Amino acid sequence: MRELCGDFLVINPYTWVRNACVYFDSKIREVHVVESTNSPDKLRRHYYTIITHGLASAHTHLGLYPIRSSVSNGLDLDGWVRIYAWPWEKYLRENWRLTYVNALISLEELVKSGVTAFADMHFNEEQVGLATEKVGVKGDLSIALMDGGVYESFEEGLKENLYLVNKFRESKLINVRLGPCTPRLLTPKQFRNAVELARESGVGIHTHLAEVPHDLTYLKKKWGMNLKEFIKFVRLTEVNSLVAHGIWATSVIDDFFTSRNVYVVHPPRSNVLLGDGRLPLLKIISEGTKVALGVDVAPTYNIIDDMSFALALHYQGLRPISPELFFSLGSEGGYRALGLGSGDLVIGEAADIVVWRVRKEAFTHPISSIVLGDARVSEAYVNGELVFSGNTLTNLSENEMEDVREEFNEYLCDFIKSHPYCQA
Ligand SMILES: [Zn+2]
């Protein structure tokens, strides 16, 4: 059995203990408070160690990592998709090996921010699955199903998604959902078909809904439905669903978002940078909606950046919002949304554990140190296995990672031939 001891051990976002150890194999077996130790270790003199449960990004597109910064170029969602996303996705679709190396690189950044589980929606996801297994973290994968786009047809994407369900059925790290992308990219019948197949296959759904107001006007103009009628038609509440955004969906909160099957995934930076709108987060939580956090596409694939950004975004000028709320959305919210347990550091849960270090002079409170970005991840464990230590992924050697970076850069140079980096 392994043992990890810290100056602070966070049981859940609202409960932590001083000087405690956690004992684990693949699951958490014991938690003990211990006497304070005066370790001669130099690091212990200057840093506090905080032990927490791992975090989750419940809505991510690893494949868009190379164009992540373009979301801050002042374009709205549709403009950004047209100018940046489609050309890149067309290139990525044709280069499955690029999907693999890109997944390794973007996962390294996610894990560096304490993420031990993530939900990803894109294409070539078999490669994302293989990279996820290589890194050793937990992935919840779906194909972005659409009528055309990067596919010849809706059926092509669907076939790829159903293949993925079978491919990873026995995996200890990968879950698969079906991913009807958004009502604007496939017909209501196709969307309903995906939901029916998900139910038959015993898997969940991952989708985007009500990200921008145009999502609602499109449904009305094209199909004569409001959002409530659409959700009823496709029978979305009958399966476990990750719903990214939901910003403009407050009219259906009562009978949809409070459904026990639905998690709204909130990516705060993506929403602001693309001008989508501002989710009424505190309101929907108070009304019973279950919420998780996601990086989606943002200038860094760092879930802590989303936590601290959300803390400022949702301040309403009345009284401070507690950082614990955002740690809860990133740990408990994400893990529960992905069906991976409580997201708390308690006996019986999978040993998905993160060890953080924070300089003593910057420290005020274990949770705010993390949410405000003062703490750094020093180790991460998934199912009790060490996956990150010494600022690197442990399941890839230094040479392997160097080769991956080189291959990744060669692809980028091929895509953006005139980029200054490629002429150096
Ligand atoms: Zn998205």
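Residues numbered from 1 in each chain as written. Predicted model: local features only at pLDDT ≥ 70, side-chain atom pairs only at ≥ 80, totals over all residues.

When you tally the buried positions in strand β7 (residues 138–145), you get 8 out of 8 residues, the bulk of the element. As judged from the 6 bridges shared by strand β6 (residues 115–122) and β7, these two strands associate in the parallel manner. Looking at the pairing, Met121 lines up with Ser142 of β7. At this point the chain moves from β6, through helix α4 (residues 125–135), to the parallel β7, and the crossover so formed is right-handed. For β7 and strand β8 (residues 174–176), the ladder comprises 3 bridges, and the chain directions are parallel. The residue of β8 that forms the bridge with Gly139 is Ile174. (Buried ≥ 20, exposed ≤ 12 C-beta atoms within 10 Å, placed from the backbone. Helix = DSSP H or I, 4+ residues; strand = E, 2+ residues; numbered from the N terminus. Pairing = 2+ DSSP bridges. Right-handed = clockwise from strand over helix to strand, strands pointing away.)

Glancing now at unusual backbone geometry. Positive phi, normally seen in glycine, also occurs at Asn124, with a value near 50 degrees. Mapped onto the fold, Asn124 is located in the loop between β6 and α4. In this structure, His245 is a non-glycine residue whose phi angle is positive, near 80 degrees. Take His245: it is sitting in strand β11 (residues 241–245). A count of 27 C-beta atoms within 10 Å places His245 in the buried class.

With that settled, consider the nonpolar core. Judged by nonpolar contacts, the single largest core of 125 residues is most densely connected at Ala58, Val111 and Leu145. The element best represented in this core is helix α3 (residues 96–112), accounting for 8 residues. If you count residues domain by domain, this core takes at least three from each of domain 1 (2–53 + 345–391) and domain 2 (55–337). Excluding residues that lie within four positions of it along the chain, Val111 makes contacts with Val135, Val137, Ala380, Val387, Phe388 and Leu393. (Core = buried A, V, L, I, M, F, W, Y, C linked by C-beta atoms within 7 Å. Domains from an automatic or database assignment. Contact = placed C-beta atoms within 7 Å.)

Turning to the sheet that holds strand β17 (residues 392–393), a few remarks are in order. An order of β3-β2-β1-β4-β14-β15-β16-β17 is seen for the 8 strands of this open sheet, with the pairing classed as mixed. Both outer strands of the open sheet, β3 (28–33) and β17, are each paired with one neighbouring strand and no more. Where strand β2 (residues 15–24) meets β3, 5 bridges bridge the pair, whose relative direction is antiparallel. Residue pairing in the sheet places Cys21 in a bridge with His32 of β3.

Keep in mind these numbers describe shape, not what the thing actually does.
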